[in-house]
Amino acid sequence: MYNVDHSLDMSVEKILESYNKYGGINLDEANNFPNRENVVKILNDIQSLIFPGFRTAEDIDSETLRFVTGQRVNRIISMLTREIKKALCYSVVDKNFEKCHCFSLAQKTACALIEEIPEIRRKVGLDVQAAYEGDPAAKSTEEVIVSYPGLEAIVVYRIAHFLCANGVPVIPRIMSEWAHGKTGIDINPGAVIGEKFFIDHGTGVVIGESCKIGDNVKIYQGVTLGALSVKKEFMNKKRHPTIEDNVTIYANATILGGETVIGEGSTIGGNTWVTKSVPPHTVFTQSCAEK
């Protein structure tokens with residue numbers, strides 16, 4: 001007769017053996033790694049700080065706003081400090097450094113992010129305005145905030161980029177990949193993106209780690225700002241293009257290479273393949289690429 005309990009016990013033992021054999025375990029004491037679910041909760045709280053009342057079903061008025069904001073700030077600092085500490089401790093080689101400095105560095109960075117929220121809100125406000133002005137279908141800035149995937153990806157990028165620029169490992173990528181899964185837009189947190197950035201429609205957009213994008217840039221769905229080579233030895237080199245101010249890039253254009261510069265005021269047509277620099281104020285189409 002088949003013994004279900006015995007079979008399940010054996011299965012559990014084999015799973016436990018696989019943890020020792022193949023790795024991938026996240027322990028409480030040793031080799032602790034940031035928790036994805038916690039990071040997503042933190043990210044949602046930060047987005048609610050940026051857009052209070054838009055992201056969660058909560059009643060906010062002038063009397064409750066201070067309390068709700070203070071409660072959220074304290075929760076973010078507490079949770080984010082723990083997750084940053086895990087990331088820092090995991091990444092350092094010197095374990096003596098881990099014990100002495102990881103917590104204080106984590107707390108300092110979490111507090112710095114909170115202090116940066118007004119500036120992030122200023123930049124995001126410009127991104128919202130760019131979307132509203134750039135899309136004839138947008139009826140209001142509120143509509144952009146609650147429904148545009150391009151804006152959501154940009155908001156997450158601006159949060160993740162701040163953490164990345166301040167030396168936080170792993171967590172910025174968890175944030176950006178969560179946004180990627182939700183919106184179909186893949187923005188590496190290491191990219192440098194200017195103000196009034198608009199991604200229209202958005203699905204399939206890829207922006208690489210060393211990409212530099214200026215102000216007032218508009219890109220459409222399917223655009224790739226990528227590398228000519230993905231060899232590991234190029235990981236610390238500029239592999240992705242530079243897009244200067246006031247550029248528009250239409251759907252499914254592919255622009256590759258760390259030395260490729262799209263000059264100010266240029267327009268890149270849809271379905272083009274660009275691996276060389278484009279002068280300022282140029283309209284680059286498929287016919288240009290074929291020459």
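Above this note sits the structure.
Keep in mind it's a predicted model, so treat the numbers as computed, not measured.

**Here's the deal with the side chain of Thr272**
Take Thr272: it is sitting in the loop between β12 (267–268) and β13 (273–274). Note on Thr272: relative accessible area 3%, which makes it buried. Contact partners of Thr272, with chain neighbours within four places excluded, come to Asn252, Ala253, Thr254, Phe284, Thr285 and Gln286.

**Considering the sheet that holds strand β9 (residues 248–249)**
Strand order in the open sheet formed by five strands is β3-β6-β9-β12-β14, and the pairing between neighbours is parallel. Taken across any chain shown, the strands that pair with only one partner, and hence form the sheet edges, are β3 (198–199) and β14 (283–284). Bridge count between β12 and β14: two bridges; the pairing is parallel. What sits directly across from Thr267, in β14, is Val283.

**Considering the packing of helix α2 (residues 36–50) against helix α6 (residues 149–165)**
Orientation of α2 relative to α6, taken along the N-to-C sense of each, is 105°, at an axis distance of 11 Å. Regarding the angle of α2 to α6, the classification is roughly perpendicular. In contact with Leu43, Ile46, Gln47 and Ile50 of α2, α6 contributes Glu152, Val155, Val156 and Ile159. Taken together, the residues of the contact of α2 with α6 sort by class into six nonpolar, one polar and one charged.

**A short note on unusual backbone geometry**
A positive phi angle, near 70°, is found at His201, a position not held by glycine. Within the element layout of this structure, His201 appears in the loop between β3 and β4 (206–207). Of note in this structure, Asn216 is not a glycine but carries a positive phi near 55°. One can find Asn216 in the loop between β5 (212–213) and β6 (218–219). With relative accessibility at 36%, the residue Asn216 sits in the partly exposed group.

**Side note on the nonpolar core**
Within soluble globular proteins, side chains that are nonpolar generally end up buried alongside one another. By size, the foremost hydrophobic cluster in this structure holds 46 residues, and its most contacted members are Leu151 and Met175. Those elements that place two or more of their residues in this core are α2, α3 (65–91), α4 (95–134), α5 (141–147), α6 and α7 (171–183). Residues contacting Leu151, with those up to four places away along its chain left out, are Phe51, Val124, Asp127, Val128, Val144 and Ile145. Listed in part, the 27 residues of the second largest apolar core include Ile187, Val205, Ala253 and Val278.

**Observations concerning the sheet that holds β4**
In space, the five strands of this open sheet follow the order β1-β4-β7-β10-β13, with parallel pairing throughout. Two strands close off the open sheet at either side, each with one partner strand: β1 (186–187) and β13. Examined bridge by bridge, β4 and strand β7 (residues 224–226) share two bridges and lie parallel to one another. If you follow Ile207 over to β7, its bridge partner there is Leu225.

**Focus: the pattern of salt bridges**
Counted under the stated rule, the structure contains 11 salt bridges. Between Arg72 and Asp45 there is a salt bridge, with the nearest N and O atoms lying 3.1 Å from each other. Within this pair, whereas Arg72 is found in helix α3, its partner Asp45 is found in helix α2, the two being separated by 27 residues in sequence. Judged by its relative accessible area of 6%, Arg72 is buried. Accessibility expressed as a relative area gives 10% for Asp45, which makes it buried. With a shortest N-O distance of 2.9 Å, Glu119 and Arg122 are connected by a salt bridge. Of this pair, Glu119 and Arg122 both sit in helix α4, separated by three residues, roughly a single helical turn. Residue classification places Glu119 among the partly exposed residues on the basis of a relative accessible area of 29%. Note on Arg122: relative accessible area 38%, which makes it partly exposed. Here the salt bridges do not stand alone but share partners, grouping Asp45, Arg72 and Arg75 into one network.

Parameters and conventions
- Residues numbered from 1 in each chain as written.
- Predicted model: local features only at pLDDT ≥ 70, side-chain atom pairs only at ≥ 80, totals over all residues.
- Heavy atoms only, no water.
- Helix = DSSP H or I, 4+ residues; strand = E, 2+ residues; numbered from the N terminus.
- Buried < 20%, exposed > 50% of the residue type's maximum accessible area, 1.4 Å probe, protein only.
- Contact = heavy atoms within 4.5 Å.
- Pairing = 2+ DSSP bridges.
- Axes fitted to C-alpha atoms, helices over the stretch in contact; angles between N-to-C directions.
- Parallel < 35°, antiparallel > 145°, perpendicular 65-115°, else oblique.
- Nonpolar A, V, L, I, M, F, W, Y, C, P; charged D, E, K, R; others polar.
- Core = buried A, V, L, I, M, F, W, Y, C linked by side-chain atoms within 4.5 Å.
- Salt bridge = Lys/Arg side-chain N within 4 Å of Asp/Glu carboxyl O.

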